[in-house]
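# Coordinates in review
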Amino acid sequence: MSDFTSGFWNLYVIVLVVASIAACAWLLWATGRVKVAAPKGAAKTASGSPGQVQVTGHVWDGDLQEYNNPLPKWWSNLFWITIVFAIVYLVLYPGLGSLPGVLGWTSTGAYKTERADFDARVQPLYDKYLAMDIPQIAADPAAQQTGERLFLTYCSPCHGSDAGGSKGFPNLRDRDWLYGGEPATIVTTITGGRMGVMPGFAQVLGEEGVRDVTAYVRSLSGLPHDSLRGQLGKPMFAQNCAACHGGDGKGNTALGAPNLTDDIWLFGSSEAAIAEGVAKGHNLNAGAGVTPMPAFGTTLGPAQIKLLAAYVWGLSNTKPAAAK
Amino acid sequence: MEAKSIPIRIAPGAPAPDGDDEVGLYEIRRKIYPRSVTGKFANWRVALVIATQVVFYGLPWLYWNGRQAVLFDLAARKFYIFGIVFWPQDVIYLTVLLILSALSLFLFTAVAGRLWCGYACPQTVYTEIFLWIERRIEGDRLARIRLDAAPLSLEKFVKKTLKHTAWVALALWTGYTFVGYFEPIRDLGLRTFTWNLGGWEAFWILFYAFATYGNAGWMREQVCKYMCPYARFQSVMFDRDTLVIAYDTKRGEPRGSRSRKTDPRVAGLGDCIDCSICVQVCPTGIDIREGLQYECIGCAACIDGCDQVMDKMGYPRGLIRYASENALALGQSAGSIWRRVLRPRTVFYTAVLLAIATTAGVALYLKNPIKMDVMRDRGALARESSPGIMENVYRIQIMNTDEVPRTFRLSVDGLPGIRIADLPATLEVGAAATRLLPLRLQVPADAAVPGSHKIDIVIEAVDDPKVRRHEKSTFILPKP
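The rules behind the values
- Residues numbered from 1 in each chain as written.
- Chains lettered and ligands numbered in written order.
- Predicted model: local features only at pLDDT ≥ 70, side-chain atom pairs only at ≥ 80, totals over all residues.
- Helix = DSSP H or I, 4+ residues; strand = E, 2+ residues; numbered from the N terminus.
- Rg over C-alpha atoms; globule rule 2.2 N^0.38 Å.
- Buried ≥ 20, exposed ≤ 12 C-beta atoms within 10 Å, placed from the backbone.
- Contact = placed C-beta atoms within 7 Å.
- Pairing = 2+ DSSP bridges.
- Axes fitted to C-alpha atoms, helices over the stretch in contact; angles between N-to-C directions.
- pLDDT = per-residue confidence, 0-100.
- Core = buried A, V, L, I, M, F, W, Y, C linked by C-beta atoms within 7 Å.
- Parallel < 35°, antiparallel > 145°, perpendicular 65-115°, else oblique.
- Left-handed = near helix turned anticlockwise from the far one by under 90°.
- Expected span 1.5 Å × (residues − 1).

## Section: the overall build of chain B
- Counting secondary structure elements, chain B contains 17 helices and 18 strands.
- For chain B, the C-alpha radius of gyration of 32 Å lies well beyond 23 Å, the compact-globule estimate for 480 residues.
- Its C-alpha atoms put chain B at 110 × 60 × 50 Å along the principal axes.
- A buried classification covers 28% of the 480 residues belonging to chain B.
- Long-range contacts, defined here as pairs at least 24 residues apart, represent 69% of the contacts in chain B between residues at least 6 apart.

## Considering the overall build of chain A
- For chain A, the count of helices and strands is 13 helices and 4 strands.
- Against the 2.2 N^0.38 benchmark of 20 Å for 324 residues, chain A shows a C-alpha radius of gyration of 37 Å, more extended than a compact globule.
- Buried positions account for 24% of the 324 residues belonging to chain A.

## Considering the sheet that holds strand 5 (residues 70-73) of chain B
Residue and element names in this part refer to chain B.
- Taken in spatial order, the 3 strands line up as 5-6-7 in an open sheet, and their pairing is antiparallel. Of all the strands in the sheet, the pair left with one neighbour each is strand 5 and strand 7 (84-86). Along the sheet, successive strands turn relative to each other by an average axial angle of 15 degrees, direction set aside.
- Here strand 5 pairs with strand 6 (residues 78-81) via 4 bridges, running antiparallel. Pairing of Phe72 across the sheet is with Phe79, part of strand 6.

## Notes on the sheet that holds strand 15 (residues 427-429) of chain B
Residue and element names in this part refer to chain B.
- Spatial strand order, 15-13-17-18: 4 strands in an open sheet with antiparallel pairing. Each having just a single partner strand, strand 15 and strand 18 (468-477) make up the two edges of the open sheet. On average, adjacent strands in this sheet sit at an angle of 35 degrees to one another, irrespective of strand direction.
- Pairing between strand 17 (residues 451-461) and strand 18: 10 bridges, direction antiparallel. If you follow Ile455 over to strand 18, its bridge partner there is Ser473.

## Observations concerning unusual backbone geometry
Residue and element names in this part refer to chain B.
- A cis amide bond links Glu253 to the next residue, Pro254, at an omega of -10 degrees.
- If you check the backbone angles, Asn65 has positive phi at about 50 degrees while not being a glycine.
- Along the polypeptide, Asn65 turns up in the loop between strand 3 (63-64) and strand 4 (67-68).
- The class of Asn65 is exposed, set by 9 C-beta atoms lying within 10 Å.

## Observations regarding the confidence of the model for chain B
Residues and elements named next belong to chain B.
- Scored by pLDDT, chain B comes out at a mean of 89, with 95% of its residues at no less than 70.
- Note on residues 1-19: pLDDT under 50 across the span, and 37 contacts to partners over four residues away in sequence or across chains.
- Note on the complex model: pTM 0.79, ipTM 0.72.

## Digging into the environment of Leu103 of chain B
All names here are of chain B.
- Locating Leu103 in the fold gives a position in helix 2 (residues 91-112).
- Among the residues examined, Leu103 registers 17 C-beta atoms within 10 Å and is labelled partly exposed.
- Taking the C-alpha atoms as reference points, Leu103 and Asp248, separated by 145 residues in sequence, lie 31 Å from one another.
- Once residues within four sequence positions are removed from consideration, Leu103 is found in contact with Tyr349, Val352 and Leu353.

## Thoughts on the pairing of strand 8 (residues 244-247) of chain B
Residue and element names in this part refer to chain B.
- Covered by surrounding structure in strand 8 are Val244 and Ala246 together with Ile245 and Tyr247, the residues of both alternating faces.
- Across 4 bridges, strand 8 lies against strand 9 (residues 320-323) in antiparallel orientation. Looking at strand 9, one finds that Ala246 is bridged to Arg321.

## Focus on the nonpolar core
- Ranked by internal contacts, the top residues of the largest apolar core, which has 52 residues, are Ile245, Cys278, Ile288, Cys302 and Ile320 of chain B.
- What Cys278 of chain B contacts, discounting residues up to four positions off in sequence, is Ile288, Arg289, Cys302, Gly305, Cys306 and Ile320 of chain B.
- Ile134, Val187, Ile305 and Tyr311 of chain A belong to the second-largest nonpolar core, a separate cluster that totals 21 residues.

## A look at the environment of Ile81 of chain A
Residue and element names in this part refer to chain A.
- Mapped onto the secondary structure, Ile81 falls in helix 2 (residues 73-92).
- Overall, Ile81 belongs to the exposed group, with 11 C-beta atoms counted inside 10 Å.
- With 61 residues separating them along the chain, Ile81 and Ala142 place their C-alpha atoms 53 Å apart.

## Topic: the packing of helix 7 (residues 183-192) of chain A against helix 12 (residues 302-317) of chain A
Residues and elements named next belong to chain A.
- Where helix 7 meets helix 12, the axes come as close as 9 Å, and the angle between the chain directions of the two elements is 125 degrees. In this view, helix 7 runs oblique relative to helix 12, as classed from their interaxial angle. The two elements helix 7 and helix 12 cross, and the hand of that crossing is right-handed. Of the residues in helix 12, those touching helix 7 at Pro183, Ile186, Val187, Ile190 and Thr191 are Ile305, Lys306, Leu308, Ala309, Val312 and Trp313.

## Quick look at helix 14 (residues 301-313) of chain B
Residues and elements named next belong to chain B.
- Relative to the 18 Å expected for 13 residues at 1.5 Å per residue, helix 14 spans 19 Å between its end C-alpha atoms, a close match to the ideal helical length.
- Every buried residue of helix 14 is accounted for by Ala301, Cys302, Ile303, Asp304, Gly305, Cys306 and Asp307.
- Positive backbone phi, at 80 degrees, marks Gly314, one or two positions downstream of helix 14.

This is the structure we're talking about:
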């Protein structure tokens, strides 16, 4: 055990524990030997109890006496049993400072065992899905329920309980996909994560240039815009943005560059939001707020990822069936 | 004897140290052999033993609407009591039940001492049952004392084996019944006979059986003397007008044996003939003539015993009787003792008890069968679902506590143009089931100033608009 910063605390705990047990044992032994005077001339009644009360002989404030209401002998034996228990426990389990105990039990070990037991128990439930393809799983209501629970546990903090996403976190219910909506692509996304980055163009375009490009971007999806600025922005877009977003602005799923011609806006559709994106980029530094998709390949097994992918895929691909 | 308000044995001064008679702080328990007793109070106790045990052993076997009438399903966290299903959210009713129990204990104790201990406490009840079995097999007090003192013989072996077999059988049945409150009892019976009990079921049946056998067979009065906290704190609720089991010292002393023909007045004796019946019948082995003691569980066995002796002697009953300290000290009449039962303290306890019981009854009658939790999504405050439309996401949990499936309609109110997106017009929730679903609310971005707005989510049953519930939540409109 490496939790102690110095060997002193190890010793400190051992001494405290041993001293406490020894003190308890001494107390039991000592009180077991204490004798107090029985009431004088105690007339034994039929039940055998003395006719007068016993006092321990302790007196406070001149007249405050302590009654002796003796505990039964078996009660003190119970205390001895607790001491035996403590010693046996400390031999078997960790407790005396950092001594591990002869059983070698640890809480992390117990967690791992339980986790392995649990995994072994639920594995058969997941196994059958490994053999199915994703559209099949998406059509299975039981699998969708499991998928929903997995989604609520692992995905909903960013993508929302309804998978509708939020600013910076894509909506998974629509048919628009940053990296592609094929079942295999979704599995890749969940397993390995995604980190889409857009550089900032404030330096390149200048303030006016940013406004011009913004106007052009808004024009692509038919949003109200300044048409003169739109005209000015078009060549700048072709020069700076088309590499990723494509000449027609329809994006590129290989890079995760969004389609700019539809009405789906990851970071907002307002002029201010688009201009900020053009000028400062996205996901560049943690200080400005990064929204990467983490890799779940290490947390979840392949079957769980497959179920999740089927759930997410099903959200936008089995609509007609679900809306009956 | 001097009256004191805390009823413990009164010490007549410190005893002088006595060199050759010393005692320790621990003592060896002397086994108590209570003599059987009949009479008015014994009949009350038998009646209460039968009443409580008919309820305890019988209740799990009752059926109600095709299910066990009383079942505490811990795994599903549903607690069925006849027509009502309690959910963990209804824990307030358990609290109220505990408060009512505590107040009843206060009231009964203030009026007549440890009535609970003497007549209804499971420790007393099971001890009474086990003693009854013991008497059937081994005989009454004297026969038992003789049997225990005798060397082991075939008769002793047979009697002891019979007794313990009967005890263990009853204890196992008690454990089985107890677990039957938590697992359907018929199914449990089936699994017991097919040797298919779950580990924890078997553990609790055996544990409860062991506790019953140990406490009622072996521990008996030691539970009350050494272990029970209620035994001790009931003493605090006594006052000078509390009826306790009391020996009338003025009438009884000086005690002494005499022939039935002797006139005690002439012989200079009180009414106590010192026959020690009151000590022999006492289940805690005390002598009530020494005054009220903490060991006294208020079972009134000594009253019944003494009354029989008084009848035989031709003396009036009640040398040992229910009397208050004031009554004994001031010689109050029976009428004035009963009038003192109605004193501010008992009236107050009764009033509070009635008020809480009525409130709980009304609340139970008006209990809303639906519950709904609304949880805002934490990850995102708000989002733009399509240009100009702001969306907040919630998770709602609908709980239908009725044992019939219901169809609900959801509506929302509180902001202009607020609407529920993508939800079927009606939602079905199964009998005594919950449903968790995401709820998306949409508001035009210019519907109100940016910030947090109170909204009201209403759920109502389609077939019965009276079954409805409001839950408050907030809708957040972001700055553009």
